[in-house]
Amino acid sequence: MGYLTGLDQQKVYLKELESGQYITIDSTVILEGKFFFSGKIAEPEIFIISIEQKQLQLMIGNENVVIKGDWNLFPKVSISGSEINKEWVVYNNTILIPARTSLIKLFGEMKTANENNDTLLINILHKENDSIYLSQLQETKNYILQHNNTYLALSLLDYYWKSFKTQDKVSLFKSLNKGLQRYPSYKKLVENIKIENDLAINKVAPFVEVKNEKNEILTPASFRGKLLLINFCASWCGPCRA
């Protein structure tokens, strides 16, 4: 439920993050300063409430969330009813936004360095970029460990899964509170760990079946006891197809 003074008859859009883009999933109209969305989701997600080019980002689940404020100050409003959103705001303000601000400043310096063809400065800025990202990753890791009983910790581990080192993934996952097992994201991480264990170095290669130029079916067992080099090619790669 939303209460925004100074608005009436305006359209409100609810957007959901999907494949890196926000997609409109619902809309309604503000009547006498009030608007309402309803629905059920499997686990908390990040949403955008969009009104006349102004956007409010929040992370919510199936709670009864109430948004109150003055349209002239939007998106600076009061949000109540969602503990996960409070945690999300803290993480954003203490870790994500400072890192993003530093990167935006760095990108501006990088643009100038490229225009001036200053290779020395470009290399320095690339290292600074890596340092900022690694610092954010370490802070996120610490946040997960310190808030391992929260859904946000699970969500962050899922989001940054490919960025963490293997040993960190396992230790962070083991630190999660068992009460989080009910969420699909937890089950997804269990499957990720199983897949990575199966594909680890010195493990038996997964079963594959291909045909050679003689139309003979080949499997890893066909080369048992021999060294086997597999070259993976992409169908869109010209040199690979040649």
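Just above sits the structure.
Residues numbered from 1 in each chain as written. Predicted model: local features only at pLDDT ≥ 70, side-chain atom pairs only at ≥ 80, totals over all residues. Heavy atoms only, no water.

Q: Mind showing me how you'd approach the pattern of salt bridges here?
A: Pairing between side chains of opposite charge can happen when their charged atoms approach one another. Summed over the entire model, instances satisfying the criterion amount to 6 salt bridges. Measuring nitrogen to oxygen at the nearest pair gives 3.2 Å for the salt bridge that ties Lys-188 to Asp-158. Separated by 30 residues along the polypeptide, Lys-188 in helix α5 (residues 184-198) and Asp-158 in helix α3 (residues 151-159) bring together distant segments of the chain. (Salt bridge = Lys/Arg side-chain N within 4 Å of Asp/Glu carboxyl O. Helix = DSSP H or I, 4+ residues; strand = E, 2+ residues; numbered from the N terminus.)

Q: When you look at the packing of aromatic side chains in this model, what are you seeing that I'm missing?
A: Each aromatic ring pair is summarised here by two numbers: the centre-to-centre distance and the angle between the ring planes. For the structure shown, the criterion picks out 8 aromatic pairs. Judged by centre distance (5.4 Å) and plane angle (65 degrees), the ring pair of Tyr-91 and Tyr-143 falls under edge-to-face. In this pair, Tyr-91 is assigned in helix α1 (residues 83-115) and Tyr-143 in helix α2 (residues 119-146), connecting sequence segments 52 residues apart. Of the two residues, Tyr-91 and Tyr-143, neither departs from the other in class, the shared state being buried. What links up through ring pairs into an aromatic cluster is the set Trp-88, Tyr-91 and Tyr-143. In this structure, Lys-68 packs its charged tip against the face of Tyr-3, placed 5.8 Å from the ring centre. (Phe/Tyr/Trp six-rings, centres within 6.5 Å; stacked < 30°, edge-to-face > 60°. Buried < 20%, exposed > 50% of the residue type's maximum accessible area, 1.4 Å probe, protein only. Lys NZ or Arg CZ within 6 Å of the ring centre and 35° of its normal.)

Q: Explain the packing of α1 against α3 to me, please; I cannot follow it from the model alone.
A: The relative placement of two packed helices is expressed as an angle between their axes plus a distance between the axes. Close contact between α1 and α3 brings their axes to 9 Å; oriented N to C, the two are set at 55 degrees. The angle between α1 and α3 places the two elements in the oblique class. Touching Ile-84, Glu-87, Trp-88 and Tyr-91 of α1 are Tyr-151, Leu-152 and Leu-156, all from α3. Residues of the contact of α1 with α3, tallied by class, amount to 6 nonpolar, no polar and 1 charged. (Axes fitted to C-alpha atoms, helices over the stretch in contact; angles between N-to-C directions. Parallel < 35°, antiparallel > 145°, perpendicular 65-115°, else oblique. Contact = heavy atoms within 4.5 Å. Nonpolar A, V, L, I, M, F, W, Y, C, P; charged D, E, K, R; others polar.)

Q: Just to check I follow, could you spell out the nonpolar core for this structure?
A: Soluble globular proteins tend to bury their nonpolar side chains together. Membership of the largest hydrophobic core comes to 27 residues, with the highest contact counts inside it found for Tyr-91, Ile-144, Leu-152, Leu-154, Leu-157 and Leu-176. Where this core is concerned, the elements lending two or more residues are α1, α2, α3, α4 (166-175) and α5. When residues in this core are grouped by element, the largest group, 6 residues, is from α3. Apart from residues no more than four positions distant in its own chain, Ile-144 is found in contact with Ala-153, Leu-156, Leu-157, Phe-164, Leu-172 and Leu-176. Core analysis: the second largest hydrophobic core is formed by 18 residues, Val-12, Phe-35, Phe-37 and Phe-74 among them. (Core = buried A, V, L, I, M, F, W, Y, C linked by side-chain atoms within 4.5 Å.)

Q: Sorry if this is basic, but what is going on with unusual backbone geometry here?
A: The residue after Phe-74, namely Pro-75, is reached through a cis peptide bond having omega 15 degrees. With respect to the element layout, Pro-75 can be found in the loop between β7 (66-70) and β8 (78-80). Located in the positive-phi region is Gln-9, a residue other than glycine, with phi close to 75 degrees. Topologically, Gln-9 is positioned in the loop between β1 (2-5) and β2 (11-18). A residue is classified by how much of its surface remains accessible, and Gln-9, at 55% relative accessible area, is exposed. A positive phi angle, near 75 degrees, is found at Gln-53, a position not held by glycine. Positionally, Gln-53 belongs in the loop between β5 (45-51) and β6 (54-60).

Q: I'm lost on the layout of surface pockets in this one. Help?
A: To locate leftover empty space, one rolls a probe as large as a water molecule over the atoms. Here the largest pocket is characterised by a volume of approximately 890 Å³. Around the largest pocket, the lining comprises 32 residues; the ones closest to its centre are Leu-17, Ile-46, Trp-88, Ser-155 and Tyr-159. When residues of the lining of the largest pocket are traced back to their parent elements, those giving at least two are β2, β5, β6, α1, α2, α3 and α5. Residues that form the lining of the largest pocket fall into these classes: 17 nonpolar, 7 polar and 8 charged. (1 Å grid on protein atoms, 1.4 Å probe; cavity = no way out; pocket = protein on both sides within 12 Å on 5 of 7 lines; lining within 4 Å. Points joined across faces, edges and corners; volume = space filled by probe spheres on them.)

Scope: geometric values only; no functional claims are made or implied.
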